[in-house]
Amino acid sequence: MINPDAIGRTFKGAEVSITQSEIDAFCAVLGETDTSIAPPTFSIRISLDQSQNVLTSPEVGVNWDRIVHGDQKFEIHQPLKAGDVVRCDSTLEGYKQMAGNEFVTARSDLYVNEKLAVTNWSTLVVRA
Amino acid sequence: MNHEVGTALPERVFYIDRALLKQYADASGDQNPIHQNEDFAKSVGLPNVIAHGMLTMGLVGQYAADWAGGSGQVKEYSARFTKPVIVPAGEKVDLTVTATIGEVFPDGKVRLDLNATSAGVKVLGMARAIVEKNH
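Values in this document were obtained by computation on a predicted structure and should not be read as measured data.

1. Thoughts on the nonpolar core
And step 1. Of all hydrophobic cores here, the largest spans 73 residues; its most connected members are Leu80 of chain A together with Ile16 and Leu114 of chain B.
And step 2. Per-element accounting of this core gives the leading share, 10 residues, to helix α3 (residues 53-68) of chain B.
And step 3. Residues in contact with Ile16 of chain B, not counting those within four places in the same chain, are Leu21, Ala51, Leu55, Leu59, Val85, Val87, Glu91, Lys92, Val93 and Leu95 of chain B.

Structure, rendered in structure tokens:
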């Protein structure tokens, strides 16, 4: 069970720098030839890591091995690019239980120089 | 060019094999063994190794980006992971993508309703991208 006190809380992330080689590698998988900006789904690389850190912390208590990705949404205000220093804040926005599974929606707000660049939402299912 | 609601866009087929899963694992940092190790995947009740949902979503996003004229044209993008893309060893499985123009907004942005199947099975639900087409 997810600690109910964690729902609604925002967890500030550490700053990470995006490198050109990370964007190049992501673009190469997708077949994108323009590597001047990150593909629309690139922010998952940062946000899912942050969500994992938050959800598996002792105060939240999720077993990551039981997690399945249910759905995903991105809102891109400003595409990420190499050299951006990103802070990803994660808010456990929604929670429900269904058929013994727990569904938690983590909203990740990615800031570059304190300006919101990308928001994404991951609904993660903790299998019973 | 005028975009009409209901217009069907051309089909495109991406191919996914184990090498691409490894490449995506390294590019994304998601090294979950269900995407690389067949014995492990089967031990947790999966039929075989499955593709990362976000790889599938990334490739379908590439379809939307290419139609719109570049990665930067995709403003919103969402999908549900309904069924896994199953990737047996030594095979290249298809990810077949089509789309329909679902809505044209007053500011000119377009909503693409995306459809993605693999081996005939629909793998994403409610896949939608809002794009600003580069003319």
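After presenting the structure, the write-up continues.
2. What to know about helix α1 (residues 18-28) of chain B
And step 1. For α1 of chain B, the complete set of buried residues consists of Leu20, Leu21, Tyr24, Ala25, Ala27 and Ser28 of chain B.
And step 2. Backbone geometry just after α1 of chain B places Gly29 of chain B at a positive phi near 85 degrees.

3. Let's talk about the packing of aromatic side chains
And step 1. Applying the stated criterion to the full structure yields two aromatic pairs over all chains.
And step 2. Geometrically, the ring pair formed by Phe26 of chain A and Phe42 of chain A is edge-to-face, given 5.2 Å between the ring centres and 75 degrees between the ring planes. Of this pair, Phe26 of chain A sits in helix α1 (residues 20-30) while Phe42 of chain A sits in the loop between α1 and α2 (44-55), and the two are 16 residues apart along the sequence.
And step 3. Owing to a relative accessible area of 1%, Phe42 of chain A belongs among the buried residues under this scheme.
And step 4. Here Lys73 of chain A stacks its cationic end above the ring of Trp121 of chain A, 5.4 Å away from the centre of that ring.
And step 5. Positioned above the aromatic ring of Trp67 of chain B, the side-chain terminus of Lys133 of chain B is 4.4 Å from the ring centre.

4. Description of the confidence of the model for chain B
And step 1. On average, chain B scores 96 in pLDDT, and the residues at 70 or more come to 98%.
And step 2. This prediction of the complex comes with two scores: 0.96 for pTM and 0.95 for ipTM.

5. Structural notes on the environment of Ile130 of chain B
Residue and element names in this part refer to chain B.
And step 1. Positionally, Ile130 belongs in strand β6 (residues 124-131).
And step 2. Assessed through its relative accessible area of 15%, Ile130 is described here as buried.
And step 3. Spatially, the C-alpha atom of Ile130 lies 36 Å from that of Gly90, the residues being 40 residues apart in sequence.
And step 4. Look past the residues within four positions of Ile130 in its chain and what remains in contact with it is Gln73, Val74, Lys75, Glu76, Phe105, Lys109, Val110 and Arg111.

6. Some words on the interface of chain B and chain A
And step 1. In this complex, chain B contributes 24 residues to the contact, which on the side of chain A involves 23 residues.
And step 2. For the pair chain B and chain A, the summed buried area comes to about 2100 Å², and 60% of that belongs to carbon and sulfur atoms.
And step 3. For the chain B face of the interface with chain A, the top three residues by lost area are Ala27, Met54 and Ser71 of chain B, together amounting to 24%.
And step 4. At the surface where chain B touches chain A, the tally comes to one salt bridge.
And step 5. Between Lys73 of chain A and Glu76 of chain B there is a salt bridge, with its nearest N and O atoms 3.9 Å apart.
And step 6. The interface formed by chain B and chain A holds seven residue pairs in polar contact (both at pLDDT 80 or more) in total.

Reading guide: rules and limits
- Numbers given for residues are sequential positions, taken from 1 along each chain in its written order.
- Both sets of labels track the order of writing: A upward for chains, 1 upward for ligands.
- Totals for whole chains, interfaces and linings use every residue, but because this is a predicted model, local features are given only for residues with pLDDT of at least 70 and side-chain atom pairs only at 80 or more, for both listing and counting.
- Excluded from the side-chain calculation are hydrogens and water; included are all heavy atoms of the structure.
- The definition of a nonpolar core used throughout is a set of buried Ala, Val, Leu, Ile, Met, Phe, Trp, Tyr and Cys residues joined through side-chain atoms within 4.5 Å.
- Buried, partly exposed and exposed residues are distinguished by accessible area as a fraction of the type maximum, computed with a 1.4 Å probe on protein chains only: under 20%, between the cut-offs, and over 50%, respectively.
- Where helices and strands are cited, they refer to DSSP runs of H or I of at least four residues and of E of at least two residues respectively, numbered from the N terminus.
- Only heavy atoms matter for contacts: two residues are in contact if any of them lie within 4.5 Å across the pair.
- Aromatic contacts are taken between Phe, Tyr and Trp rings whose centres are within 6.5 Å, Trp giving its six-membered ring; a plane angle under 30 degrees counts as stacked, one over 60 as edge-to-face, and the others as tilted.
- When the NZ atom of lysine or the CZ atom of arginine is within 6 Å of a ring's centre and also within 35 degrees of its normal, the charge is said to sit over that ring.
- Scored from 0 to 100, pLDDT records how confident the predictor is in each individual residue.
- Once two parts are brought into contact, the accessible area they lose, counted with a 1.4 Å probe and summed over both, makes up the buried area.
- Any Lys or Arg side-chain nitrogen located within 4 Å of an Asp or Glu carboxyl oxygen qualifies as a salt bridge.
- A 3.5 Å cut-off defines polar contacts: any pair of N or O atoms within that distance qualifies, except that in protein one atom must be a possible hydrogen donor and the other a possible acceptor, and neighbouring residues in sequence count only when both atoms are side-chain atoms.

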